[in-house]
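Results of the structural survey
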Amino acid sequence: MRTLLRRLGFYLLAGFAAVTLNFFLARLLPGSALQNALAKLRGANLDPDAIRALEAQYGTGADHSLLSQYLTYLSGLLHGDLGLSTSQSAPVTSILGDTLPWTLGLVGTATALAFVVGTLAGIVVGWKRNGLLDGLLPAVTFFQSVPYFILAFLVMMTLGYFGGLFPYQNGYDTGRHAHLTPGWNGPFVTSVIEHGTLPALTVVLASLAGWVIGMRNMMITTMDEDYVLVAAAKGLPQWRVAAVAARNAILPTISNFALSISLVVTGSLVTEIVFTYPGVGWQIYQAILTGDYPLLQGILLVVVLTVLAVNLVADLAYVALDPRARKEA
Amino acid sequence: MRALRSPKVLAGSALLLVLLLLAVVGPLIAPHSADWQADRTSGLPLAPSGRFWLGTDQQQHDLFSRLLSGGRDTLLISFLAGLFACVLSVAVGVTAGFVGGLVDDLLSALANIFLALPGLLILMVIMKPLPPAETSDPLLIGSVIALTAWAWGARVLRAQTLALRAADYVEAARVIGERTWRIILFEVVPNLLPILASAFIFTVIYGIGTYTALAWLGVISPASVTWGTVLNEAQASGAAVNGYWWWYLPPALAVALVGIALALVNFGIDEVINPRLTSARTGRARGVVFRLGLTPVLKSAAPQAASPTPVPLKEAQP
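Residues numbered from 1 in each chain as written. Chains lettered and ligands numbered in written order. Predicted model: local features only at pLDDT ≥ 70, side-chain atom pairs only at ≥ 80, totals over all residues. Heavy atoms only, no water.

**Notes on the overall build of chain A**
Each helix and strand in chain A was counted, giving 13 helices and zero strands. The order of α-helices and β-strands along chain A, N terminus first, is α-α-α-α-α-α-α-α-α-α-α-α-α. Counting across all 329 residues of chain A, residues that qualify as buried make up 48%. Within chain A, residue pairs in contact and separated by at least 24 positions form 75% of the contacts whose partners lie at least 6 positions apart. Carbon and sulfur atoms provide 66% of the accessible area of chain A, an area that totals close to 15800 Å². (Helix = DSSP H or I, 4+ residues; strand = E, 2+ residues; numbered from the N terminus. Buried < 20%, exposed > 50% of the residue type's maximum accessible area, 1.4 Å probe, protein only. Contact = heavy atoms within 4.5 Å. Areas by Shrake-Rupley, 256 points an atom, 1.4 Å probe, with all protein chains shown as cover.)

**Focus on the overall build of chain B**
From N to C terminus, chain B includes 14 helices and zero strands. Residue burial in chain B is summarised as follows: out of 318 residues, 48% are buried. Pairs at least 24 apart in sequence give 69% of the contacts found in chain B among residues at least 6 apart. Accessible surface for chain B amounts to roughly 15100 Å². Of this, 66% is attributable to carbon and sulfur atoms.

**Quick word on empty space enclosed by the protein**
Residues and elements named next belong to chain B. Under the definition given, this model contains two cavities of 30 Å³ or more. Volume-wise, the largest cavity comes out at about 50 Å³. Around the largest cavity sit ten residues that line it, and Leu63, Leu67, Val230, Trp247 and Pro251 are the ones nearest its centre. Going through the elements one at a time, helix H2 (63-99), helix H10 (227-236) and helix H12 (245-273) are the ones with two or more residues in the lining of the largest cavity. With four residues, the top contributor of residues to the lining of the largest cavity is H12. Of the residues assigned to the lining of the largest cavity, the class counts are nine nonpolar, no polar and one charged. (1 Å grid on protein atoms, 1.4 Å probe; cavity = no way out; pocket = protein on both sides within 12 Å on 5 of 7 lines; lining within 4 Å. Points joined across faces, edges and corners; volume = space filled by probe spheres on them. Nonpolar A, V, L, I, M, F, W, Y, C, P; charged D, E, K, R; others polar.)

**What to know about the nonpolar core**
The biggest cluster of nonpolar side chains holds 132 residues, and the ones touching the most others in it are Phe149(A), Ile150(A), Ile284(A), Met124(B), Met127(B) and Trp216(B). Residues in contact with Ile284(A), not counting those within four places in the same chain, are Leu269(A), Leu296(A), Ile299(A), Leu121(B) and Met124(B). (Core = buried A, V, L, I, M, F, W, Y, C linked by side-chain atoms within 4.5 Å.)

**Let's talk about the pattern of salt bridges**
Residue and element names in this part refer to chain B. Going through the model one piece at a time under the given rule, you end up with three salt bridges over all chains. Arg174 serves as the salt-bridge partner of Glu171, at 3.4 Å between the closest nitrogen and oxygen. Placement of the pair is Glu171 and Arg174 together in helix H8 (residues 168-175), with a separation of three residues, close to one helical turn. (Salt bridge = Lys/Arg side-chain N within 4 Å of Asp/Glu carboxyl O.)

**Examining the interface of chain A and chain B**
The partner chain B presents 56 residues to the 65 residues of chain A that form the contact. Inspection of the chain A/chain B interface yields zero salt bridges. Counting every contact that joins chain A to chain B gives one residue pair in polar contact (both at pLDDT 80 or more). When grouped by side-chain class, the residues that make up the side of chain A that touches chain B number 47 nonpolar, 13 polar and five charged. (Polar contact = N/O pair within 3.5 Å; in protein donor to acceptor, adjacent residues only side chain to side chain.)

**Here we look at the UniProt feature "transmembrane region" (unreviewed entry) in chain B**
As recorded in UniProt, the feature "transmembrane region" (unreviewed entry) lies at residues 75-99, 106-127, 139-157, 192-225 and 245-269 of chain B. End C-alpha atoms of residues 106-127 of chain B are separated by 28 Å, and the span's content is 91% helix alongside 0% strand. (UniProt positions renumbered as here; feature names shortened; annotations may be inferred.)

**A closer look at the packing of aromatic side chains**
Ring pairs (aromatic) are described by centroid distance and by the angle formed between their planes. The final tally for this structure, using the stated rule, is eleven aromatic pairs over all chains. Ring geometry for Trp102(A) and Tyr277(A): centres 5.6 Å apart, planes at 90°, overall edge-to-face. In this pair, Trp102(A) sits in helix H5 (residues 92-127) while Tyr277(A) sits in the loop between helix H10 (238-274) and helix H11 (280-290), placing the two residues 175 residues apart along the sequence. By the burial criterion, Trp102(A) is buried, and Tyr277(A) matches it. When the ring of Phe79(B) is compared with that of Phe200(B), the centres are 6.0 Å apart and the planes differ by 50°; the resulting orientation is tilted. Placement of Phe79(B) in helix H2 and of Phe200(B) in helix H9 (residues 180-216) is noted, with a sequence separation of 121 residues between them. Here the aromatic cluster, defined as three or more aromatic residues joined through ring pairs, consists of Phe149(A), Phe153(A), Trp216(B) and Tyr248(B). The residue whose ring lies beneath Arg182(B) is Phe186(B), and the NZ or CZ to ring-centre distance is 4.6 Å. (Phe/Tyr/Trp six-rings, centres within 6.5 Å; stacked < 30°, edge-to-face > 60°. Lys NZ or Arg CZ within 6 Å of the ring centre and 35° of its normal.)

**Description of the environment of Leu106(A)**
All names here are of chain A. Within the fold, Leu106 resides in helix H5. Expressed as a C-alpha distance, the spacing of Leu106 and Thr253, which sit 147 residues apart in the sequence, is 21 Å. Ignoring anything within four residues of it in the chain, the contact list for Leu106 reads Gly196, Pro199, Ala200, Glu272 and Tyr277.

**Some words on H5(A)**
Given a rise of 1.5 Å per residue, 36 residues ought to cover 52 Å, and the 50 Å separating the end C-alpha atoms of H5(A) matches this to within 8%. The largest bend in H5(A) amounts to roughly 40° and is located at Thr99(A), with the proline Pro101(A) lying one to four residues further along. (Expected span 1.5 Å × (residues − 1). Bend = angle between axes of the 7 residues up to and from the residue.)

**Thoughts on the packing of H10(A) against H11(A)**
Residue and element names in this part refer to chain A. Between H10 and H11, whose axes approach to 7 Å, the crossing angle comes to 70°. With respect to H11, the element H10 is oriented roughly perpendicular. In this structure, H10 contributes Leu269, Glu272 and Ile273 to the contact, and H11 contributes Val280, Gly281, Trp282, Ile284 and Tyr285. Considering only residue class, the contact of H10 with H11 consists of six nonpolar, one polar and one charged. (Axes fitted to C-alpha atoms, helices over the stretch in contact; angles between N-to-C directions. Parallel < 35°, antiparallel > 145°, perpendicular 65-115°, else oblique.)

**Side note on helix H3 (residues 101-116) of chain B**
With 16 residues, H3(B) extends 23 Å between its outermost C-alpha atoms, agreeing within 8% with the 22 Å of an ideal straight helix rising 1.5 Å per residue. What H3(B) keeps buried is the set Asp104(B), Ser108(B), Ala109(B), Ala111(B), Ile113(B), Leu115(B) and Ala116(B).

This is the structure in structure tokens:
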């Protein structure tokens, strides 16, 4: 119970730190960088209301103190208000509401796939150390050591553009001849799955190596334990001995997952940009192109909080699975 | 150096050396300067030919020259980021591990928060409003990227320092009255070097990915041409959709090659850190049969192990 409270306390602190950092990031920038960015926006076709909202958000117009700006920002957050997107004249929260499901679907599916495939492969490679599979490890690492967006390019070109196996643009068929109504209907869902294949494949390939190598190394370490030897000495079939080792080897990979999740999420966002996938990543690209600062910051905050939440879940799962973690604190 | 015998490490180091060399001399041996334009009227990218080995882009820049010139800043910034991040992670990780107590708690919490932050996104928010003059300074960009990259190394180094602090020889040094800084510098840090090297390599891989991604997205506009800016121009003109593969494929592959070279070197370092993980197919463990419950023995090493001090035959039979 104490461990649980400690973890919760840490995540509350981290969440608060993220919220505060997000507030000060824009204000700590050297010179009048933000002023310049906002001045550019003011030149654009924005209605006075939007400009007033912006000035209130960044405290450039009225002369409020930093503290009162901070309090306004916090109360805005508590009311679910992330400000107004300057390029789309819509609340940041509603843009996020439209795009977040795409990203969550993509990252969630890809991560689940990478976990299952990678862990199983890791068990086999670790168990059969002399096997041919061990020689394949450098090939898996290849995908890990290449930046996400480069890998996405390569996947898009080979399987999408030249291979023609899967569509490589948009989240579903938006062509002139496609008459799809977004929703839970057959044609739309099929189209979404087809269009999601290559982005998901990119994320799976890039994150697979971490799982395989982590699991392999843990298997090799665990196989030296006495209880595995006992299991083998009792005459259990090979696969059951492997299962005994694997059960214990899998624990550390869960905390490894928590460590890598922020990289996986940023990687997926970048992958979306390559594939013009209609998720949060694509919105980030739009926000950069148009200098839409409120949208950029809103997305940053939501992504950070999501990553922290996933970390918390992974931590709790670890505590639930491993009795040793409960004593540690 | 056992690591040097592994073919993976050899291939990786050789590849890395070639790439580094090209980054240094690339701008000098390039047939044209990066900003040279073959023709100011045509707006159609030319496919690779004898005249332009890698074709041209829309502004008729020679892409082969741009590829050669683009490596310098890219590699400089990623190695700078790796270096700065390593300094930071040693400072934080070793301090946390060695001092312990409240300092450890605070520093660990800090590292954990930084680990959870999506670095690339934060860098976008920070760098987007910066004036171009500042984003073209490699030192500045390198250190800002390092700020988002030190946490992983700090965590690993802290864990290893904790283990070393409890080791007998460190305890002995303390008992005979060595000063703390001496123990840290001469007893602890040398034993952290393999882990530090691996952390450095990971950070450089992260650095090159992050820097190219930032340039590709157009967040930073470097003064000189880099692989990332070439990719940015290609993306902006829809090179992928229009089939101008010669425009973006070479810089993309160049970035990928750097990553692969570094990963291969890291393989060797990993095997030094933990010899148990050595692949059974390469290096020292070639031919060893790993079987559960049995200690793997090198067959070629067996005779030497059996008689550590060989007894000359004549003396044995007087």
